[in-house]
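Report on the structure
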Amino acid sequence: MPKGRTPEEQSADPAAQEMLIRAEMLGIDTAFSRADANPPCNIGAAGMCCKLCGMGPCRLTKDGQRGVCGATIDTIQARNLIRAIAAGSAAHSDHGRDMAFTLKAVANHEAEGFVIRDVAKLRRVAAFYEIPIEGRSPDEIANQLADLFISQFGQQRGEVVTLIRATERRRALWREQGVMPRGIDREVVEALHRTHIGDDQEPEHILHHAVRTSLADGWGGSLIATDISDILFGTPAPLVGQANLGVLKEDMVNVVVHGHEPTLSEMMVAASQTREVTEYAEAAGAGGVNLSGICCTANEILMRQGIPAAGNFLQQELAILTGAVDAMVVDVQCIMQALVSLAERFHTKIITTSSKVRITGAMHVQFEEHRALTIAKDILKLAIDNYKNRGETQIPDVREDLIPGFSHEYVNYMLGGSYRASFRPLNDAIMAGRIRGVAGIVGCNNPRSRHDFMHTYVTEALLKQDVLVAETGCGAIASAKRGFLLGEAGLDQVGPGLREVCETIGIPPVLHMGSCVDNSRILTVLTQMAQEGGLGDDIDQIPAVGLAPEWMSEKALSIATYFVASGAYVIFAGANPVSGMPGRVPESTRVEKYLSSGWEERWGGKLEFVDDPDEMIRRALEHIDKKRAALGLPEYDPNRFGASGDGRTRELEALPMLERRAAIYGRSGG
Ligand code: XCC
Ligand code: SF4
């Protein structure tokens, strides 16, 4: 067995390190130690293995070698990649479909405990699709909107209707290139068909359909999921929250919700606040129920209800290791099978709730929306009953405050106020060079790289370079734990121009925009920036980049692809599933070249895999500067701004009169 890394090498997060030491002492394995003990298969990792039929699996390790059917390495890599993208698109979109059915049930009063919380958003969204709103009740509108959304999944011809939210120029390009998704499910099915033995075999042609499959996710299923979540649970606006394992409480019943869908978790929030449940908890000798989240479910209830996040993907096991989690309630996606055997070492109950997910050894309580509130209460009572079984606990005393909740609607509002909501101030700040550009830093954790390190390293570096950062998913939680999501507090680590903007508007330098399906919010923001004027007329002209420094899930590959197809430059670090080239000196593979220069020619965006964080940052800034130059904007100058803003004012106020004068006039007059 290879020698494992130390806890400091495994994670950059002190709370995680503390739990990793505890795991070692208790002789318990985690994803971190399992990653050390299972080095990745270097053939599979580089996309050099095909197992699409029973004549294989074929491993192409020698120069010029082909599979039994004659498949080349390029075809195999393209097929593997599109299959991953199809799985990612399916996961996000199936989540969107479930949300659409929930919306329908709520409109028909068949969902216990749910109401339409954001009628304004319902009306706004309905209006996009020309659903009549005047003189109609929210239920009527919601019913028609739900039907429209549901029909998009099984639609066979035409265009998925939600794509009208993209810029006109982009839609024209997608039509011309033949990648407008016809129906959300149809593109996923076709991706599977095309990669069956003996079908599509030209790598570029396969990957062209990968684009269509991913567009059905980002501009289809994911966008639907985000819009419905806002309609049902409220469009996020900034509030105060907390993140990291220190949000677990010694004297309360700790229930951790983990997974992706907001439906059950929102109901758990409501149930935890009922008298019935609080009294039940008190009777069990606890101070109450303390709800927290892991992964994207955490993001959903964090940004809407301020429910704390116990951590990101790699902290799901670590939460149980505290010994203080009375129940972990999971729905779909990113749930490690290891939770069950780990929980057996403690008293924690693992409860699965989705009809799509069972884990051997876990308890299953089927979630049904027509009894949602009752089921949520039942689950909380199971957790409360389990409180007395707690053994020795160790909760790291590590937590950080944060301000999440930057929906595109709120960003719009905060920039212009209710009467003049607009992206003008943001565009102006970029045009002037106060903000150099924008970065979306998103995606998972991966135990093959130091937990949270890459996320926080690139985030910090780009902030210093006056790049405004928007984050989602586990990356957002990484930044939250590092304190980048705080208003004033985070600003000492930020470039001078960006600091001025943040202070003037009153925002943190990193905007938490939600869960992974909420990457659709970043698409919307970029589109609005393009439509506002001054930064070109499409996403590929905006000085913006997308980074996923610790990716691991297939959903991340789908996200990367729809961002590229929307015009963005996307950089991934870590695993590169298309890098293998048997028997030759490593240079770019045909597929790598196509994802980079080939896609850039077609879409104005490209996907690259870069391992070194400094190289990632260098390429991101180079790209931003290139886009600035193409727009004819002034070259970015780090010394030009920073002479105003609250920070500077406070500094000046602290000076004696004469020095203050010299500082003010010396600076602005010079
Ligand atoms: Fe999963 Fe969404 Fe990745 Fe985190 S970021 S590990 S996908 S929870 Ni989506
Ligand atoms: Fe091998 Fe071809 Fe079958 Fe793939 S499809 S496993 S390369 S024979």
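First things first, this report covers the structure right here in the doc. Note that this is a predicted model, so its numbers are computed, not measured.

**A short note on the coordination of the nickel atom of ligand 1**
No protein donor other than Cys 516 (SG) coordinates the nickel atom of ligand 1, and that contact is at 1.8 Å. Residue placement: Cys 516 occurs in the loop between β13 (510-512) and α22 (519-532).

**Comments concerning the sheet that holds strand β15 (residues 569-572)**
Sheet architecture is open: six strands sit in the order β13-β12-β11-β14-β15-β16, paired in parallel fashion. Of all the strands in the sheet, the pair left with one neighbour each is β13 and β16 (606-609). When strand polarity is set aside, the average angle formed by the axes of neighbouring strands in this sheet is 20°. As paired elements, strand β12 (residues 467-471) and β13 share three bridges and run parallel to each other. Residue pairing in the sheet places Glu 471 in a bridge with His 512 of β13.

**What about the side chain of Ser 229?**
With respect to the helices, strands and loops of the structure, Ser 229 is situated in helix α10 (residues 203-233). Taking the relative accessible area as the measure of exposure, Ser 229 reaches 1% and is therefore buried.

**What about the site of ligand 1?**
Around ligand 1, the neighbouring residues are His 260, Cys 295, Cys 296, Phe 313, Cys 334, Gly 443, Cys 444, Cys 474, Cys 516, Met 552, Ser 553 and Lys 555. Among the residues making up the shell around ligand 1, the classes are represented as eight nonpolar, three polar and one charged.

**So, the packing of aromatic side chains**
If you walk through the whole model with that rule in mind, you get 11 aromatic pairs. With 5.6 Å between their ring centres and 45° between their planes, Trp 551 and Phe 572 make a pair best called tilted. Separated by 21 residues along the polypeptide, Trp 551 in the loop between β14 (544-548) and α23 (554-565) and Phe 572 in strand β15 bring together distant segments of the chain. With relative accessibility at 2%, the residue Phe 572 sits in the buried group. Following the ring pairs from residue to residue traces out a cluster consisting of Phe 128, Tyr 129 and Phe 149. The side chain of Lys 381 reaches across the aromatic face of Tyr 280, ending 5.5 Å from its centre. It is Lys 606 that lies over the ring of Tyr 569; its NZ or CZ is 4.5 Å from the centre.

Conventions used here
Residues numbered from 1 in each chain as written. Chains lettered and ligands numbered in written order. Predicted model: local features only at pLDDT ≥ 70, side-chain atom pairs only at ≥ 80, totals over all residues. Heavy atoms only, no water. Donors = N, O, S within 2.8 Å, 3.2 Å for Na, K, Ca; no water. Helix = DSSP H or I, 4+ residues; strand = E, 2+ residues; numbered from the N terminus. Pairing = 2+ DSSP bridges. Axes fitted to C-alpha atoms, helices over the stretch in contact; angles between N-to-C directions. Buried < 20%, exposed > 50% of the residue type's maximum accessible area, 1.4 Å probe, protein only. Near = heavy atom within 4 Å. Nonpolar A, V, L, I, M, F, W, Y, C, P; charged D, E, K, R; others polar. Phe/Tyr/Trp six-rings, centres within 6.5 Å; stacked < 30°, edge-to-face > 60°. Lys NZ or Arg CZ within 6 Å of the ring centre and 35° of its normal.

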